[in-house]
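The lines below spell out each chain.
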Amino acid sequence: MKVIIFAFVAVLAFTQASILLEPAQSKSYENYSVLRVEVHTKEEFELLSTVGDLHFWNEGRVGGHADVMVSPEALQEVQKQLLRRNFQFSTMIENVGKLMRLEKVPAGGDRDEVKAEHPMTWTEYHSQDDVEAYLDYLAATYDFVEVESIGESYEGRPMRVIKACKGGCGNKPAMWIDGGIHAREWISPASVSWMIKEVIENDANHPELLENLDWYILPIHNPDGYAYTQSSDRLWRKTRSSHPGIGLCKGTDANRNYGYHWNDGGSSNLGCSDTYMGPEAFSEVENQNVRDFILAHKDQIKFFNSIHSYSQLILLPWGFTTSNAPGYDKLLDLATKVYSAYFC
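Residues numbered from 1 in each chain as written. Predicted model: local features only at pLDDT ≥ 70, side-chain atom pairs only at ≥ 80, totals over all residues. Heavy atoms only, no water.

Peer 1: How would you summarise the pattern of salt bridges if you had to cite specific residues and measurements?
Peer 2: One pass over the full model with this rule turns up 16 salt bridges. Close ionic contact of Arg157 with Glu155 constitutes a salt bridge, the shortest N to O distance being 2.6 Å. Accessibility expressed as a relative area gives 41% for Glu155, which makes it partly exposed. A salt bridge links Asp253 to Arg256, with the nearest nitrogen and oxygen atoms 2.7 Å apart. In this structure, Asp253 and Arg256 share a single accessibility class: buried. (Salt bridge = Lys/Arg side-chain N within 4 Å of Asp/Glu carboxyl O. Buried < 20%, exposed > 50% of the residue type's maximum accessible area, 1.4 Å probe, protein only.)

Below you can see the structure in the form of structure tokens.
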């Protein structure tokens with residue numbers, strides 16, 4: 001069995017969505033700027049990485065650009081350093097704090113009508129509690145839907161997979177979709193919850209999806225980090241675990257904690273880094289929970305789709321080498337069809 005692995009970037013129209021949560025973020029990003037820096041070579045990217053006081057929003061692409069956030073206190077010095085190193089750059093965002101305030105404005109100016117049965121809408125961002133209530137509503141309403149607990153997060157929050165299977169699960173090829181592995185990427189759980197709605201509630205518009213496939217969907221892979229972005233730091237990315245030997249810093253980049261080619265480039269062994277890979281593969285209980293579910297259904301799951309945000313990219317395996325994965329032509333064909341469906 002070969003599992004097709006995709007990381008598909010969410011591009012749905014939630015660009016102005018609100019957050020139904022209190023308290024407001026305690027860490028302010030008022031007057032923080034984001035600079036878009038042109039990166040032409042690998043050497044240029046490595047040079048950019050030596051500039052102090054930069055917070056990378058993306059990892060930078062050779063022949064493209066890197067987007068870096070800078071505090072107002074460091075902005076003038078950072079600009080001097082970039083000019084001194086002959087980097088070309090422009091200001092993409094003048095005030096990150098203003099964008100965070102805009103997140104409170106519902107898309108289209110109005111909220112979706114809230115149903116009595118559940119609190120979910122798709123014009124604003126929601127808490128995990130709202131998402132879980134929606135899953136319960138679907139399980140109670142549709143006889144082909146059930147919710148399975150796959151464990152708890154480090155801080156004890158539920159991790160639950162919604163399973164949509166007509167005729168019972170396990171008899172057809174299965175699709176796996178997860179969202180929110182990076183906590184600050186709020187559009188990811190929002191998009192995944194929309195996918196759940198589309199597959200289940202709009203079944204009549206595309207019955208072949210449930211007739212031919214089983215669906216296993218985890219809306220929030222990193223519930224502790226997600227909650228922390230809503231209460232304390234909007235741009236938190238990692239889990240909220242603690243591990244010996246990393247000082248006061250908390251959390252691991254769960255996206256870099258899986259066992260396959262763990263610590264094989266593209267991650268950091270520094271506990272305070274946003275890309276910290278953890279002290280060992282599968283150190284994070286969230287990754288263990290997903291791993292165990294996937295392995296228990298490995299004979300059925302044929303497609304693995306992890307929804308991220310920032311940058312309009314469809315990422316194909318492998319990530320650890322430039323060599324093509326087995327079946328690359330089929331992967332590329334499918335990715336091209338996905339791209340065409342969204343952008344053409």
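Now that the structure has been shown, the text picks up again.
Peer 1: How would you sum up the layout of surface pockets? Please name residues and give values.
Peer 2: Computed from the structure, the second largest pocket encloses a volume of approximately 580 Å³. If you trace the second largest pocket, you find 22 residues lining it, with Met195, Trp215, Asn305, Val338 and Tyr342 closest to the centre. Among the elements of the structure, β1 (4-9), β10 (174-179), α5 (187-200), α6 (208-212), β11 (214-218), β12 (301-308) and α9 (328-343) are those that each provide at least two residues to the lining of the second largest pocket. Residue contributions to the lining of the second largest pocket peak at five residues, all from α9. (1 Å grid on protein atoms, 1.4 Å probe; cavity = no way out; pocket = protein on both sides within 12 Å on 5 of 7 lines; lining within 4 Å. Points joined across faces, edges and corners; volume = space filled by probe spheres on them. Helix = DSSP H or I, 4+ residues; strand = E, 2+ residues; numbered from the N terminus.)

Peer 1: An account of the packing of helix α4 (residues 128-141) against α5 is requested, with residue identities and associated values reported.
Peer 2: Following both chains from N to C, one finds α4 and α5 inclined at 10 degrees, their axes separated by 11 Å at the closest point. Taken together, the axes of α4 and α5 lie roughly parallel to each other. Facing Tyr134, Leu135 and Leu138 of α4, the residues of α5 in contact are Ser193, Ile196, Lys197 and Ile200. Partitioning the contact of α4 with α5 into residue classes produces five nonpolar, one polar and one charged. (Axes fitted to C-alpha atoms, helices over the stretch in contact; angles between N-to-C directions. Parallel < 35°, antiparallel > 145°, perpendicular 65-115°, else oblique. Contact = heavy atoms within 4.5 Å. Nonpolar A, V, L, I, M, F, W, Y, C, P; charged D, E, K, R; others polar.)

Peer 1: Quick rundown of the pairing of strand β8 (residues 145-152)? Include the residues and the values.
Peer 2: Sheet topology note: the β8/strand β9 (residues 158-164) ladder contains seven bridges and is antiparallel. Within the sheet, the bridge partner assigned to Val147 lies in β9 and is Ile162. Linking β8 back to β9 in an antiparallel pair, the connection comprises five residues, with Gly156 at a positive phi of about 90 degrees. (Pairing = 2+ DSSP bridges.)

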